[in-house]
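Chain residues, written in single-letter form:
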Amino acid sequence: MIKSEGIEKIIDESQQGTTLALEKNDSNGRKLYIESYGCQMNFSDSEIVASILAKEGFNTTQKLEEADLVLVNTCSIREKAELTVRKRLEKFNAVKKTNPGMKVGVLGCMAERLKSKFLEEEKIVDMVVGPDAYKDLPNLIQEIDEGRNAVNVILSKDETYGDIAPVRLNSNGVSAFVSITRGCDNMCTFCVVPFTRGRERSRDPQSILEEVNDLWEKGFKEITLLGQNVDSYLWYGGGLKKDFEKASEIQKAASVNFARLLELTAKAQPKMRIRFSTSNPQDMTLDVIEAMAKYENICNYIHLPVQSGSNRILKAMNRLHTREEYFELINNIKKIIPDCAISQDMITGFPTETEEDHKDTLSLMEYVKYDFGFMFAYSERPGTMAARKLEDDIPEETKKRRLTEIIDLQQQHSLYRTQLHLNKTQEVLIEGPSKKSDAHWKGRNSQNTVVVFPKENYKIGDFVNVKINECTSATLIGEAIGYSKNN
């Protein structure tokens, strides 16, 4: 699986601009149209927003023209996402001319960054709501109903939405995302997240376990614990991660770190598959890897963004790990979980990157041989440290060539990795029909590789043992030989 774009959080192109559709509540009289862009955290946030507004009398609609309230949940990671959102806002305003009662709001990361532009300068929206202000939506909607613009982009030190049960939207009914942290303390110079989502705080483990148990009761078979940086999860009764040192001895003794949370989740639902994303190399500890090895239901897959193979560039990016420390972590993963799949995020063409730095990235890839990756050429994001301090000095054609070399090498490694699965029997969770053939099911193995096999009598949500007979660089092809013990 190769993506030419991606940064810290994986952006699934096929999901961009998806509208949400919920079951209708007959007592609700207003219609909400909500589109989401960006990473999985944004899609997860849209579920929280829909849940809050369902209690405020809104049913969702997928017809823009009939909406009373139009919301677009935005992303500031890439320029492309911002341009798309702007085009959509123009479209919404054109529809507004025929439906003057319609109100338009911008949610999420772009809202926080471009609030005054949207509201005052361009006057293209009625409401701007940052990622920590969704509980204020009822008040903000009242404001715009009364003809005033409304804005709340205050970043919170403690908001985790742990008390809101998200409405599952556009789900396959098998896999769900469970947010465990919000914000980020890692000030990578290329990334806008700490400025748009605030400082890092963790959600109460009890509320996470309640959500996981509820998902199991509803028939979900797999969850992904989600955060900007899951490995730095730390619950000590609430508050920011950076304030942990001020906690009392009792709070420290009773605190729950990510390894412990993984263990609690694995024990709570032993037949449910558990994944997590995203990890940061400097925060991933041995106890996390050991917890993965100990519990069969924690999948053998780690998304471990590295961004560059050059120590000089890693320092310029303010990544808090070196090439050597990254290799040590990879060695520990391979030693403790020999069949663990590892994927990467890679930025090429970062300011001042030389051919030597680029070769360091290629040699790092040769060392790790990632299963798949999310790779893209550096583009300056307004508001980041890199945009303020570093000149984007690598020519476009150089960026493109280096990116092509990285993608080509990843393609070779992806094929090498999928070939290692040949002639093995692996447990696959069926997620739905194959995109290419209605006679085949598609699912994923523990290593997150897509597996395709003939349907026979199996159904979505079944755990099936599949013998792998063929492969491409992205897909395993096999035949089912029976149900696995997890059914």
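Residues numbered from 1 in each chain as written. Predicted model: local features only at pLDDT ≥ 70, side-chain atom pairs only at ≥ 80, totals over all residues. Heavy atoms only, no water.

Caption draft 1: Structural view of the overall build of the protein chain. Assigned secondary structure in the protein chain consists of 15 helices and 23 strands. Along the first, second and third principal axes, the C-alpha atoms of the protein chain reach 65 × 55 × 55 Å. Taking all 487 residues of the protein chain together, 57% fall into the buried category. Restricting to contacts in the protein chain with at least 6 residues of sequence separation, those with at least 24 account for 72%. Carbon and sulfur atoms make up 50% of the accessible area of the protein chain, which amounts to about 20100 Å² in all. Taking the 66 positively charged and 73 negatively charged side chains of the protein chain as two groups, their mean positions are separated by 1 Å. (Helix = DSSP H or I, 4+ residues; strand = E, 2+ residues; numbered from the N terminus. Buried < 20%, exposed > 50% of the residue type's maximum accessible area, 1.4 Å probe, protein only. Contact = heavy atoms within 4.5 Å. Areas by Shrake-Rupley, 256 points an atom, 1.4 Å probe, with all protein chains shown as cover. Lys, Arg positive; Asp, Glu negative; His and termini not counted. Charge placed at Lys NZ, Arg CZ, Asp CG, Glu CD.)

Caption draft 2: Structural detail: the side chain of Ser434. Among the structural elements, Ser434 can be located in the loop between β19 (425-433) and β20 (440-444). Since its relative accessible area comes to 11%, Ser434 is described here as buried. Among the polar contacts made by the side chain of Ser434, one reaches the main-chain amide nitrogen of Ser437 at a distance of 3.4 Å. Excluding anything up to four places from it in sequence, Ser434 contacts His440, Trp441, Lys442 and Val452. (Polar contact = N/O pair within 3.5 Å; in protein donor to acceptor, adjacent residues only side chain to side chain.)

Caption draft 3: A look at the packing of aromatic side chains. Following the criterion strictly, the structure yields eight aromatic pairs and no others. Note on Phe327 and Tyr367: the rings are 4.1 Å apart at their centroids and 35 degrees apart in plane angle, and the pair reads as tilted. Remark: Tyr367 occurs in helix α13 (residues 355-368) and Phe327 occurs in helix α12 (residues 323-336); sequence separation between them is 40 residues. Centre to centre, the rings of Tyr458 and Tyr483 are 5.0 Å apart; their planes meet at 80 degrees, and the pair counts as edge-to-face. Remark: Tyr483 occurs in strand β23 (residues 475-483) and Tyr458 occurs in the loop between β21 (450-454) and β22 (463-471); sequence separation between them is 25 residues. The class for Tyr483 is partly exposed, based on a relative accessible area of 48%. Within the aromatic cluster, the residues linked to one another by ring pairs are Tyr301, Phe372 and Phe374. Against the face of Trp441 rests Lys455, its NZ or CZ located 4.6 Å from the ring centre. (Phe/Tyr/Trp six-rings, centres within 6.5 Å; stacked < 30°, edge-to-face > 60°. Lys NZ or Arg CZ within 6 Å of the ring centre and 35° of its normal.)

Caption draft 4: Local environment of the pattern of salt bridges. This model, assessed by the stated rule, comprises 32 salt bridges. Across the salt bridge formed by Lys294 and Glu263, the nearest N and O atoms sit 3.3 Å from each other. Linking Lys294 in helix α10 (residues 286-294) with Glu263 in helix α9 (residues 258-268), this pair joins segments that are 31 residues apart in sequence. Between Asp462 and Lys459 there is a salt bridge, and its shortest N-O distance comes to 3.2 Å. It is possible to trace a salt-bridge network through shared partners that takes in Glu222, Arg273, Arg275, Glu427, Glu431 and Arg444. (Salt bridge = Lys/Arg side-chain N within 4 Å of Asp/Glu carboxyl O.)

Caption draft 5: Broad picture of the sheet that holds strand β12 (residues 222-226). Reading across from one edge, β9-β12-β15 is the order of the three strands in this open sheet, with parallel pairing throughout. Taken across any chain shown, the strands that pair with only one partner, and hence form the sheet edges, are β9 (175-179) and β15 (273-277). Between one strand axis and the next, the sheet turns by 25 degrees as a mean value, whatever way the strands run. Bridging between β12 and β15 involves five bridges; their strand directions are parallel. Looking at the pairing, Ile223 lines up with Ile274 of β15. (Pairing = 2+ DSSP bridges. Axes fitted to C-alpha atoms, helices over the stretch in contact; angles between N-to-C directions.)

Caption draft 6: Representation of the sheet that holds β20 within the structure. Reading around the barrel, the five strands line up as β19-β20-β21-β23-β22 and close back on themselves, with mixed pairing between neighbours. Across this sheet, the average inter-strand angle for adjacent strands is 55 degrees, counted without regard to direction. Direction of pairing for β22 relative to β23: antiparallel, over a ladder of seven bridges. Residue pairing in the sheet places Val464 in a bridge with Tyr483 of β23.

Caption draft 7: Local environment of the side chain of Asn448. Position of Asn448 among the secondary structure elements: in the loop between β20 and β21. Not counting chain neighbours up to four residues away, the residues in contact with Asn448 comprise Arg275, Tyr301 and Phe372.

Caption draft 8: A look at the nonpolar core. Leu225, Phe258 and Phe276 are the most contacted members of the largest nonpolar core, which totals 49 residues. Not counting chain neighbours up to four residues away, the residues in contact with Phe258 comprise Ile180, Leu225, Val230, Asp231, Tyr233, Phe276 and Val288. (Core = buried A, V, L, I, M, F, W, Y, C linked by side-chain atoms within 4.5 Å.)

Caption draft 9: Seen up close, the packing of α9 against α10. Across the interface, α9 lies against α10 with an axial gap of 8 Å and an inter-helix angle of 15 degrees. In terms of their interaxial angle, α9 and α10 are classed as roughly parallel. The handedness of the crossing between α9 and α10 is right-handed. Contact residues: α9 offers Phe258, Ala259, Leu262 and Glu263, while α10 offers Asp287, Val288, Ala291, Met292 and Lys294. Class assignment for the residues of the contact of α9 with α10 results in six nonpolar, no polar and three charged. (Parallel < 35°, antiparallel > 145°, perpendicular 65-115°, else oblique. Left-handed = near helix turned anticlockwise from the far one by under 90°. Nonpolar A, V, L, I, M, F, W, Y, C, P; charged D, E, K, R; others polar.)

Caption draft 10: The arrangement of the layout of surface pockets in detail. Size it by volume and the second largest pocket reaches roughly 440 Å³. Arg273, Glu296, Asn300, Glu427 and Ser446 are, among the 21 residues lining the second largest pocket, the residues nearest its centre. Of all the secondary-structure elements, those providing two or more residues to the lining of the second largest pocket are α10 and β19. In terms of residue count, β19 provides more of the lining of the second largest pocket than any other element does, three residues in total. (1 Å grid on protein atoms, 1.4 Å probe; cavity = no way out; pocket = protein on both sides within 12 Å on 5 of 7 lines; lining within 4 Å. Points joined across faces, edges and corners; volume = space filled by probe spheres on them.)

Caption draft 11: Main features of α9. Every buried residue belonging to α9 is among Phe258, Ala259, Leu261, Leu262, Glu263, Thr265 and Ala266, and all of these are buried. Residues of α9 that are buried sit in contact with α7 (205-217), β12, β14 (256-257), β15 and α10. The backbone nitrogen of Ala259 has a side-chain oxygen 3.3 Å away, supplied by the residue at the start of α9, namely Asn257.

Caption draft 12: Expanded view of the environment of Glu211. Positionally, Glu211 belongs in helix α7. A relative accessible area of 9% means that Glu211 is categorised as buried. Taking the C-alpha atoms as reference points, Glu211 and Phe118, separated by 93 residues in sequence, lie 35 Å from one another.

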